[in-house]
Amino acid sequence: MDHNWDFATIFTNWRVYWVGLQATLLMFGVTVTLGMLGGLLIGILRYIKHPAAAWPARAFVEVFRNTPVLVQIIWFYYAFPILTGVETSPFLAAVLGISLNTMAFSAEIYRAGIQSIDKGQWEAGKAIGMSFTQTLRRIILPVALKRVLPALTNRGIEVFKMSTLASIVAYNETLSQAKLIAELNYNPIESYTAVAIIFFVVLYPVVQGTYALERVLNRSDR
Amino acid sequence: MSELIRVENLHKSFGTLEVLKGIDLHVNSGETLVLLGSSGSGKSTLLRCINFMETLTSGRILLNGDAIGSETRGKITYKESDLCKLRTRIGMVFQHFNLFPHMTVLQNVMEGQLTVLGRDKAEAAEKSMIQLTRVGLADKAAEFPSRLSGGQKQRVAIARALAMDPDVMLFDEVTSALDPELVGEVLKTMRQLAEEGMTMICVTHELGFAYHVANRVLFLNEGTIHEEGDPQSVLRNPQTKRMKEFLEGHALFKLPE
C-alpha cells in the first residue's frame, strides 16, 4: 500500500489551519481557566465535611465525571435550548461541556492534594491563631497545589485535546478546519495528520515548561 | 504571683470514651508546670483543651481570670473568631514540629505575625530575628526546614510560637520525636525560657527536666490528677502506688550512680 504524501495543499491553505488553531487556543484558554478554578472551589467544598457543602459538590462531580464530554456538548447544543429557551452557540455549548467535565476531574485532584497534607499543618496554623480560611490559603494550598501539579498538567493536556470535540457542533477549531480542507481537496490523510502535528508542536514545549515549573517549586524540598 | 490559667472541672470525651474525668488546675504567671503520665492518661488531651485545639465536653477555662466563651443558661458556647484570638495568646509546640515546608525559617516565624497579628513585614522580620537569636538559630533564617536537624526544627517551632508574644507556652512531648543526642538542645532552650520567666505547661517524659525546671509536677492517671506537688517531693517520694510504678518504669535502665 503506497501513499504519496502531499502536503502542498496543506501549506497553501495554512490560513484555514491558523484560524482553527486560534479558535482551539481560545477554547483551551477559556475551558482550562474555568475548569481549574471551578474545580478548586468544588474540590475545597468536597474536602469540607459540612453536609450542606459536600453533598452538592459530590453530586456535581459524579454527574459530570461519569458522562461523556461529547454527549454533554451535544446536549448543551441541542437539548439545552429546547428545555430552557436559551440559545447556545457552538462555542458556548463546547465551553460548558468541557469546563464542567474539567471541573469535576480537577476537583478530585485538588481534594486528593488537600487530603494528602499532614493534619499537623492544620494544627500548626490553628495554634498560631489562623482561621480555617487563612490556614487553607497560606499553609495547605501552596503545598497541596505543588504536590498535584503533575496531575493537573495531565488534565491540562487532556483539556487542550478535548477542544477537538467541539467539532461535533461545527465550532471552527483546528479539527473542523481540517475537515473542511479534507473535503475540498480529497486529502484526509494529510489534513488530519497536520492536526496531529499541530497539537504536538504546541503541547510539547508547554509540557516542558511545566516540568521546569515543578523544578522551581521543588526547591524548598532540597 | 498572679494566676494566669485556671481549669475548672474539665471533662473531655471522644465518643463514648471519657479521656478527662474532671480536671482542676491552675498555673501562675511565670510558673513551669510539668504534666506526667503514661500514654492514654489524658495529658496531651488536657494540654490541647487549654488552647481549644480540642473542644471541651464540659467545664471551663479562665485566662487571666476571664472565662473563655460566653455562658447562657449553663451552656458555654465558643465563637471560632474568639478562639483564634485566644490561641495567639497561648503558644503551642508539637511533637512533630509541624513547620511549614514551603517557607524559610524566617517566613515560618513571620507567618502568624503577618496574617494574624497584622504586623508589617519589617516589624515581623525584626521580631522573628529576636526570637531566632533567642533559640540560637539566627544563622538559619534563610534555610528551608528540610535542611534542618530535628532539634533545630523544634527550636524554630519554639521561636514561631514565641514570636506571637504569648502569655503562656504549651509543649506537647516536644522531644519525643528527636534523636537522643538532639533532645538536650531543645530542653536547654526550654529551660532558658523558664528561667526568663515564661509561663509554661509541658507534657514530657523527661523526668530530669521535670526535676530541675518544673515548679510543680502533676501526675495524670486515667483522666484524673493522681498526684501533684513540687518535683523534688513527687519524683523522689511518690505517695501513690501508680506514681511509684510509673517512675520505676522510667528508671529501669538507668546508668548506675
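Preceding this section is the structure that the text describes.
All values reported here derive from a predicted model rather than from experimental measurement. (Residues numbered from 1 in each chain as written. Chains lettered and ligands numbered in written order. Predicted model: local features only at pLDDT ≥ 70, side-chain atom pairs only at ≥ 80, totals over all residues. Heavy atoms only, no water.)

**Considering the overall build of chain A**
No. 1: Looking only at helices and strands, chain A features 9 helices and 0 strands.
No. 2: Projected onto its principal axes, the C-alpha coordinates of chain A cover approximately 70 × 50 × 30 Å.
No. 3: Relative to its full complement of 222 residues, chain A shows a buried share of 47%.
No. 4: A separation of at least 24 residues holds for 74% of the contacts in chain A among residues at least 6 apart in sequence.
No. 5: Carbon and sulfur atoms make up 68% of the accessible area of chain A, which totals about 11,800 Å².
No. 6: Side chains of chain A carry 18 positive and 13 negative charges; the gap between the two charge centres is 15 Å. (Helix = DSSP H or I, 4+ residues; strand = E, 2+ residues; numbered from the N terminus. Buried < 20%, exposed > 50% of the residue type's maximum accessible area, 1.4 Å probe, protein only. Contact = heavy atoms within 4.5 Å. Areas by Shrake-Rupley, 256 points an atom, 1.4 Å probe, with all protein chains shown as cover. Lys, Arg positive; Asp, Glu negative; His and termini not counted. Charge placed at Lys NZ, Arg CZ, Asp CG, Glu CD.)

**Some details on the packing of helix H2 (residues 14-47) of chain A against helix H3 (residues 51-65) of chain A**
Residue and element names in this part refer to chain A.
No. 1: Direction vectors running N to C along H2 and H3 enclose 130 degrees, while the axes themselves pass 7 Å from each other. By the criterion of interaxial angle, the relationship of H2 to H3 is oblique. In this structure, H2 crosses over H3, and the sense of that crossing is left-handed. Of H3, the residues touching H2 (which contributes Ile42, Leu45 and Arg46) are Ala53, Ala54, Ala57, Arg58, Phe60 and Val61.
No. 2: Residue composition of the contact of H2 with H3, grouped by class: 7 nonpolar, no polar and 2 charged. (Axes fitted to C-alpha atoms, helices over the stretch in contact; angles between N-to-C directions. Parallel < 35°, antiparallel > 145°, perpendicular 65-115°, else oblique. Left-handed = near helix turned anticlockwise from the far one by under 90°. Nonpolar A, V, L, I, M, F, W, Y, C, P; charged D, E, K, R; others polar.)

**Section: the packing of H2(A) against helix H8 (residues 174-185) of chain A**
All names here are of chain A.
No. 1: Interaxial distance between H2 and H8 falls to 7 Å at its minimum, and their mutual angle equals 160 degrees. It follows from the interaxial angle that H2 and H8 lie roughly antiparallel. Note on packing geometry: the crossing formed by H2 with H8 is right-handed. Contact residues: H2 offers Val16, Tyr17, Val19, Gly20, Leu21 and Thr24, while H8 offers Thr174, Gln177, Ala178, Leu180 and Ile181.
No. 2: Across the contact of H2 with H8, the residue classes break down as 7 nonpolar, 4 polar and no charged.

**Some points on the environment of Asn66(A)**
Residue and element names in this part refer to chain A.
No. 1: Looking at where asparagine 66 falls in the secondary structure, it is placed in the loop between H3 and helix H4 (69-84).
No. 2: Between the C-alpha atom of asparagine 66 and that of alanine 104, which follows or precedes it by 38 residues, the distance is 9.4 Å.
No. 3: A distance of 2.9 Å separates a polar side-chain atom of asparagine 66 from the backbone oxygen of glutamate 62. (Polar contact = N/O pair within 3.5 Å; in protein donor to acceptor, adjacent residues only side chain to side chain.)

**With respect to the sheet that holds strand E5 (residues 66-67) of chain B**
Within a sheet, adjacent strands bond to each other through the backbone by hydrogen bonds, running parallel or antiparallel.
Residues and elements named next belong to chain B.
No. 1: In space, the 4 strands of this open sheet follow the order E2-E1-E4-E5, with antiparallel pairing throughout. Edge positions in the open sheet fall to strand E2 (17-28) and E5, since each of these has one partner strand only.
No. 2: Its contacts with the sheet put helix H1 (residues 43-50) on strand E1 (3-14), E2 and strand E4 (58-63), and the angle it makes with E1 is roughly 120 degrees. (Pairing = 2+ DSSP bridges.)

**Observations concerning the nonpolar core**
No. 1: Counting residues in hydrophobic clusters, the biggest one holds 69 residues, and the most contacted among them are Ile114(A), Ile5(B), Leu35(B) and Ile201(B).
No. 2: The leading source of residues in this core is helix H7 (residues 132-162) of chain A, at 10 residues.
No. 3: If you look at the next biggest cluster of nonpolar residues, it comprises 45 residues, including Leu132(B), Met169(B), Phe171(B) and Ala214(B). (Core = buried A, V, L, I, M, F, W, Y, C linked by side-chain atoms within 4.5 Å.)

**Observations concerning the packing of aromatic side chains**
All names here are of chain A.
No. 1: Summed over the entire model, instances satisfying the criterion amount to 14 aromatic pairs over all chains.
No. 2: Considering the side-chain rings of tyrosine 77 and tyrosine 78, the 4.9 Å spacing of their centres and the 85 degrees angle between planes classify their relative orientation as edge-to-face.
No. 3: The class of tyrosine 77 is partly exposed, set by a relative accessible area of 25%.
No. 4: Residue tyrosine 78 is classed as partly exposed on the basis of its relative accessible area, which comes to 48%.
No. 5: Seen in terms of ring centroids, phenylalanine 200 and tyrosine 204 are 5.4 Å apart; in terms of plane orientation they differ by 15 degrees. Their pairing is stacked. One end of the pair is phenylalanine 200 and the other is tyrosine 204, both in helix H9 (residues 188-217) and 4 residues apart, which spans about a single turn. (Phe/Tyr/Trp six-rings, centres within 6.5 Å; stacked < 30°, edge-to-face > 60°.)

**Brief notes about the pairing of E1(B)**
When a strand is regular, its side chains alternate between the sheet's two faces.
All names here are of chain B.
No. 1: Sheet analysis places E1 next to E2, joined by 9 bridges and oriented antiparallel. Paired with phenylalanine 14 across the bridge in E2 is leucine 17.
No. 2: The turn joining E1 and E2, which pair antiparallel and follow one another in sequence, is formed by 2 residues; a positive phi near 65 degrees is taken by glycine 15.
No. 3: In this structure, E1 lies alongside E4, joined through 5 bridges in antiparallel fashion. Across the sheet, the residue bridging to isoleucine 5 is leucine 63, located in E4.

**Points about the pairing of E4(B)**
All names here are of chain B.
No. 1: Bridging between E4 and E5 involves 2 bridges; their strand directions are antiparallel. Its bridge partner being in E5, leucine 63 is matched across the sheet by aspartate 66.
No. 2: Linking two consecutive strands that pair antiparallel, namely E4 and E5, is a turn of 2 residues; a positive phi of about 55 degrees is found at asparagine 64 within it.

**Digging into a nonpolar patch on the surface**
All names here are of chain A.
No. 1: Taken together, the side chains of Leu70, Ile74, Tyr78 and Ile168 make up a nonpolar region of the molecular surface, amounting to roughly 340 Å² of accessible area.
No. 2: Relative to the assigned elements, isoleucine 168 resides in the loop between H7 and H8.
No. 3: Its relative accessible area of 42% is what places isoleucine 168 among the partly exposed residues. (Patch = residues over 30% accessible without salt bridge, like charges linked within 9 Å, V, L, I, M, F, W, Y side chains within 5 Å. Salt bridge = Lys/Arg side-chain N within 4 Å of Asp/Glu carboxyl O.)

**Focus: the interface of chain B and chain A**
No. 1: The interface of chain B with chain A comprises 24 residues on the first partner and 21 residues on the second.
No. 2: Where chain B abuts chain A, roughly 2,000 Å² becomes buried across the two surfaces, and 60% of that area is made up of carbon and sulfur atoms.
No. 3: The tally of links from chain B across to chain A stands at 2 salt bridges.
No. 4: Between Arg48(B) and Glu123(A) there is a salt bridge, with the nearest N and O atoms lying 2.7 Å from each other.
No. 5: At the junction of chain B with chain A, the criterion picks out 6 residue pairs in polar contact (both at pLDDT 80 or more).
No. 6: For the side of chain B that touches chain A, the secondary-structure elements that each account for two or more residues are helix H2 (80-89), strand E8 (90-93) and helix H3 (105-115) of chain B.
No. 7: Among the residues making up the side of chain B that touches chain A, the classes are represented as 13 nonpolar, 6 polar and 5 charged. (Buried area = accessible area lost by both parts, 1.4 Å probe.)

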